[in-house]
Amino acid sequence: MSLEKADALVIRQVDFSESSRVVTFFSLEFGKFAALAKGAKRLKGPFDAALDLLSTCRVVFIKKSSGTLNLLTEARLISRFQPQNSGAGGGLSSLYGGYYVAELLSGLTEDFDPAPEVYNLAISTLAALSSPENLSSPLIIHFEISLLRLIGLLPNLFECSVCGEAVQTGKKFAHWVSQGGVLCGACRREDFAGVSISSGSIEILRRLTQESAETICNIEFTGKQSEECHKLAVSAITHALGRRPSTLRYIQI
Ligand SMILES: [Zn+2]
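Think of each chain on its own: its residues are numbered from 1, step by step along the sequence as written. With pLDDT at 70 or above as the cut-off, local features in this predicted model cover only qualifying residues; side-chain atom pairs require 80 or more to be listed or tallied, and sums for whole chains, interfaces and linings still use all residues. With hydrogens and water stripped out, all remaining heavy atoms of the structure feed into the side-chain values.

A. Here's a closer look at the overall build of the protein. Comment: elements are numbered from the N terminus, with helices defined as DSSP H or I runs of at least four residues and strands as E runs of at least two. Scanning the protein for helices and strands turns up 5 helices and 8 strands. Going from N to C terminus, the protein has its helices and strands arranged as β-β-β-β-β-α-α-α-β-β-β-α-α. In this treatment the radius of gyration is a C-alpha quantity, and the globule benchmark scales as 2.2 Å times the residue count to the 0.38 power. Taken over C-alpha atoms, the radius of gyration comes to 20 Å for the protein, in line with the 18 Å a tight globule of 253 residues would show. Taken along its principal axes, the extent of the C-alpha atoms in the protein is 65 × 45 × 30 Å.

B. Inspection of the sheet that holds strand S5 (residues 70–79) at higher detail. DSSP bridges decide pairing: two strands pair if at least two such bridges lie between them. The mixed closed barrel is built from 5 strands, whose spatial order is S1-S2-S3-S5-S4. The mean angle between the axes of side-by-side strands here comes to 50°, regardless of whether they run parallel or antiparallel. Where strand S4 (residues 56–63) lies against S5, 7 bridges are found, and the strand directions are antiparallel. Paired with Arg58 across the strands is Arg76, a residue of S5. Residues count as neighbours in contact if any of their non-hydrogen atoms are within 4.5 Å of one another. An axis is simply a line fitted to the C-alpha atoms; with a helix, the fit covers only the stretch in contact. Between two such axes, the angle follows the N-to-C directions and lies from 0 to 180 degrees. Packing against the sheet, helix H2 (residues 116–129) makes contact with strand S1 (2–15), strand S2 (21–27) and S4, and its axis sits at approximately 50° to S1.

C. How the structure looks around the coordination of the zinc ion. Sites may look incomplete because water is not among the atoms; the donors themselves are N, O and S atoms within 2.8 Å of the metal, or within 3.2 Å for Na, K and Ca. Bound to the zinc ion are the protein donor atoms Cys160 (SG), Cys163 (SG), Cys184 (SG) and Cys187 (SG), situated 2.3 Å from the metal. All donors to the zinc ion come from one chain, and their sequence spacing reads C-x2-C-x20-C-x2-C. Here Cys160, found in the loop between helix H3 (136–150) and strand S6 (172–176), pairs with Cys187, found in the loop between strand S7 (181–184) and strand S8 (196–198); they are 27 residues apart in sequence, far enough to count as distant.

D. Representation of the domain arrangement of the protein in the model. Per the domain assignment, the segments of the protein are domain 1 (2–79) and domain 2 (96–155 + 192–250). Residue ranges assigned to each domain were obtained from an automatic or database domain assignment. For domain 1 versus domain 2, the separation of C-alpha centres amounts to 26 Å. Facing 19 residues of domain 1, the contacting portion of domain 2 comprises 19 residues. As used here, buried area is the combined drop in accessible area, with a 1.4 Å probe, of two parts when they are placed together. A buried area of about 1,500 Å², summed over both sides, lies between domain 1 and domain 2, and 74% of it is on carbon and sulfur atoms.

E. Main features of the environment of Phe143. Tracing the chain through its elements places Phe143 in helix H3. Distance in space between the C-alpha atoms of Phe143 and Ser212 is 9.1 Å, their sequence separation being 69 residues. What Phe143 contacts, discounting residues up to four positions off in sequence, is Val101, Leu104, Leu105, Leu121, Ala122 and Thr125.

F. Structural view of the sheet that holds S7. Overall, antiparallel pairing links the 3 strands, which are arranged S7-S6-S8 in an open sheet. Each of the sheet's edge strands pairs with one partner strand only, and the pair in question is S7 and S8. Adjacent strand axes in the sheet meet at a mean angle of 45°, parallel and antiparallel pairs treated alike. Pairing of S6 with S7, which is carried by 4 bridges, proceeds in the antiparallel orientation. When the sheet's bridge partners are listed, Phe173 is paired in S7 with Cys184. Strands in contact with helix H4 (residues 199–208) are S6, S7 and S8; relative to S8, the strand with the most contacts, it is inclined by about 75°. Of the strands in this sheet, S6 and S8 touch helix H5 (residues 223–241), which is tilted by about 25° from S6.

Written out as structure tokens, the structure reads:
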């Protein structure tokens, strides 16, 4: 048992009793962890509004030995997620984008496995989703691809998984989900159900891994490329989770 401090993003909340909640955080220092927040459901509870979904806060908690629930003792709000308010569904698409970020962090990371780069990716993605100048789609695709790369699940985008032929411009490839790679036309079999992806989209995916959420506007996608990149990411994510993310139905690319 030890007293710990962390900068943490609220990614999930589950009611525990009439007045308390179990809150799941993704933190800079510890990665993901859950803690019991006693009194969190009371109107004038001890944590005020610091524990709203997708808020970032400075927390103090008692880390229990494995098998026992950690106990939250303090939470001070650093910033709140403020989805854009611009027209044409902009606000909703950035709000749902935020929920999707939270679900992927919750489902694809392990407890107490520190990953500061994943934390920074999530914080910068939520900040970019809050800016009215940004479109949500490229930010969501960037988050998917960057998260897959950071947790070691991004498919090999450089060569065919079977024959090793380099990915070249102008050719068609297919995503081989279970092997975490791509297949060239010659190695693709008829009974293979993988999603097709053009070399242009593969090029975009490679570039995405080198940009941050702030510089993502440097990349120009066509609608078809966005769709292909998102499909490849969703196949890899679904394979890793063992199911389709439930917030995915609200995401429009
Ligand atoms: Zn091949």
